[in-house]
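An overview of the molecular structure
Here is what each chain is made of, one letter per residue.
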Amino acid sequence: MKTILLLQIIIMTGCFVPQADKYETLRQKMVESQIRNRGINNTAVLDAMKTVPRHLFIPENYRDEAYNDYPLPIGYGQTISQPYIVAYMTEAVKPTSKKKVLEIGTGSGYQAAILAEIVDKVYTIEIVPELAKESAERLKNMGYNNVICKYGDGYRGWPEYAPFDIIVVTAAPEKIPQPLIDQLAEGGRLIIPVGAPGAVQELVLLIKKNGKTETRRLSFVRFVPFKRL
């Protein structure tokens, strides 16, 4: 009966009803060519990148470019990062199922969704009110019940839920905010682009050991500036 009804719909509308995510092939190709082939080998990260539909985090007029190897605008002067950079930053912080994450710069929610596929909980802060509202609704509608969203100034972190095993920052300040360092758990990892607005920045990984911090410079990147309220 369902088959007959489906055929009737196709005949009446002249349209074929898609049976699978039309972006699935592009997503799998993205992971293989842009991410795995460039050295990302963490299975959980690769699986998350294969699972999360990046095109749903991008304005409709850019969705055909969703799985290409570059960042895209998401409105309000903000961008969604290049897929490889999302995977690279995620792998660098060594996410596991029991870890608690703070993300500064929710954007459209894509990085939060990738993390939520792997970790226990993600607390994410967005300073652009429109994006904060849109991403919170998007993540909720997609079933990411382990993501807690907030509009606010990410410089202050989220002390009520600290300490965090992982902190991921997706906008570039000129120096690492001290509140974020203070809210990093022992053994925790903080990844952040650091540099002047409009300039090439350094992606920095900070690891807390015995109450002290070890800093590693990973690569050169270009992110939107870190905003304050």
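Everything numeric in this text was worked out from a predicted model, so none of it was measured. Residue positions are counted from 1 within each chain, in the order its sequence is given. Predicted model: local features are reported for residues with pLDDT of at least 70 only, side-chain atom pairs are reported and counted for 80 or more only, and whole-chain, interface and lining totals are derived from all residues. To get the side-chain values, all heavy atoms of the structure are used, and hydrogens and water are removed first.

1. Side note on helix α2 (residues 24–35)
In an α-helix, one full turn covers 3.6 residues, which means residues spaced three or four apart are oriented alike. The helix count covers DSSP runs of H or I at least four residues long, the strand count covers runs of E at least two residues long, and both are numbered beginning at the N terminus. Take the number of residues in a helix, subtract one, and multiply by 1.5 Å to get its expected span. For α2, spanning 12 residues, the distance from its first C-alpha to its last is 16 Å, which sits close to the expected 16 Å at 1.5 Å a residue. Exposure categories follow from relative accessible area, calculated using a 1.4 Å probe and restricted to protein chains: below 20% of the type maximum is buried, above 50% is exposed, and the middle band is partly exposed. For α2, every residue scored as buried is listed here: R27, M30, V31, Q34 and I35. Buried residues along α2 cover an arc of 110° about the axis, so they all sit on one side. Residues of α2 that are exposed and point over 90 degrees away from its buried face: T25 and K29. On its buried side, α2 packs onto α3 (43–51), α4 (83–92) and α5 (110–116). Directions pointing from the helix axis toward each C-beta atom define the arc. Contact definition: two residues touch when any of their heavy atoms are within 4.5 Å.

2. Examining α3
Listing the buried residues of α3 in full gives V45, L46, A48 and M49. Down the axis of α3, the buried side of the element spans an arc of 160°, and every buried residue falls inside it. The elements touched by buried residues of α3 are α2, α4 and α5. By the criterion applied in these results, polar contacts are pairs of N or O atoms within 3.5 Å in which, for protein atoms, one can donate a hydrogen and the other can accept it, and in which residues neighboring in sequence qualify only through two side-chain atoms. At the N-terminal boundary of α3, the capping side chain belongs to N42, with an oxygen 3.0 Å from the backbone nitrogen of A44.

3. What to know about the sheet that holds strand β3 (residues 100–104)
Taking strand neighbours across the sheet as the criterion, the 7 strands line up as β5-β4-β3-β6-β7-β8-β9 in an open arrangement whose pairing is mixed. The outermost strands of the open sheet, each flanked by one partner alone, are β5 (147–151) and β9 (212–221). Sheet twist, expressed as the average angle between the axes of neighbouring strands with direction ignored, equals 15°. Any two strands are treated as partners once DSSP identifies two or more bridges connecting them. The pairing of strand β7 (residues 184–194) with strand β8 (residues 201–209) spans 6 bridges and is classified as antiparallel. Lines are fitted to the C-alpha atoms to define the axes, a helix being fitted only along its stretch in contact, and any angle between axes, read from their N-to-C directions, falls within 0 to 180 degrees.

4. Here we look at the side chain of S108
If you trace the backbone, S108 turns up in the loop between β3 and α5. Here F57 takes part through its backbone oxygen, which lies 2.9 Å from a polar atom of the side chain of S108. For S108, the contacting residues outside a window of four places in its chain are F57, I74, I80, S135 and R138.

5. Focus: the packing of aromatic side chains
Each Phe, Tyr or Trp ring (for Trp, its six-membered ring) is paired with any other whose centre lies within 6.5 Å, and the angle between the two planes then decides the class: stacked below 30 degrees, edge-to-face above 60, tilted in between. This model, assessed by the stated rule, comprises 8 aromatic pairs. Measuring from ring centre to ring centre gives 5.6 Å for Y123 and W158, while their planes differ by 80°; the resulting arrangement is edge-to-face. Separated by 35 residues along the polypeptide, Y123 in strand β4 (residues 121–126) and W158 in the loop between β5 and β6 (164–169) bring together distant segments of the chain. According to the relative accessible area criterion, W158 is buried, its value standing at 6%.

6. Considerations on unusual backbone geometry
The amide bond that connects A162 to the next residue, P163, takes the cis arrangement and shows omega of 0°. Turning to its location among the elements, P163 is positioned in the loop between β5 and β6. Positive phi values are uncommon outside glycine, yet Y76 reaches one of about 60°. Position of Y76 relative to the elements: it lies in the loop between β1 (72–75) and β2 (78–80). For K94, which is not glycine, the phi torsion reads 55° and is therefore positive.

7. Looking at the nonpolar core
For our purposes a nonpolar core is just a set of buried Ala, Val, Leu, Ile, Met, Phe, Trp, Tyr and Cys residues, chained together by side-chain atoms within 4.5 Å. Counting residues in hydrophobic clusters, the biggest one holds 49 residues, and the most contacted among them are M49, Y110, V122 and I191. Of all the secondary structure elements, the ones that give two or more residues to this core are α2, α3, β1, α4, α5, α6 (129–141), β6 and β8.

8. A look at the pairing of β3
Burial analysis of β3 places 4 of its 5 residues in the buried class, which makes it a mostly covered element. Bridge analysis of β3 against β4 gives 5 bridges, and the strand direction is parallel. Bridge pairing in β4 places E103 opposite T124. Where β3 lies against β6, 4 bridges are found, and the strand directions are parallel. Bridge pairing in β6 places L102 opposite I167.

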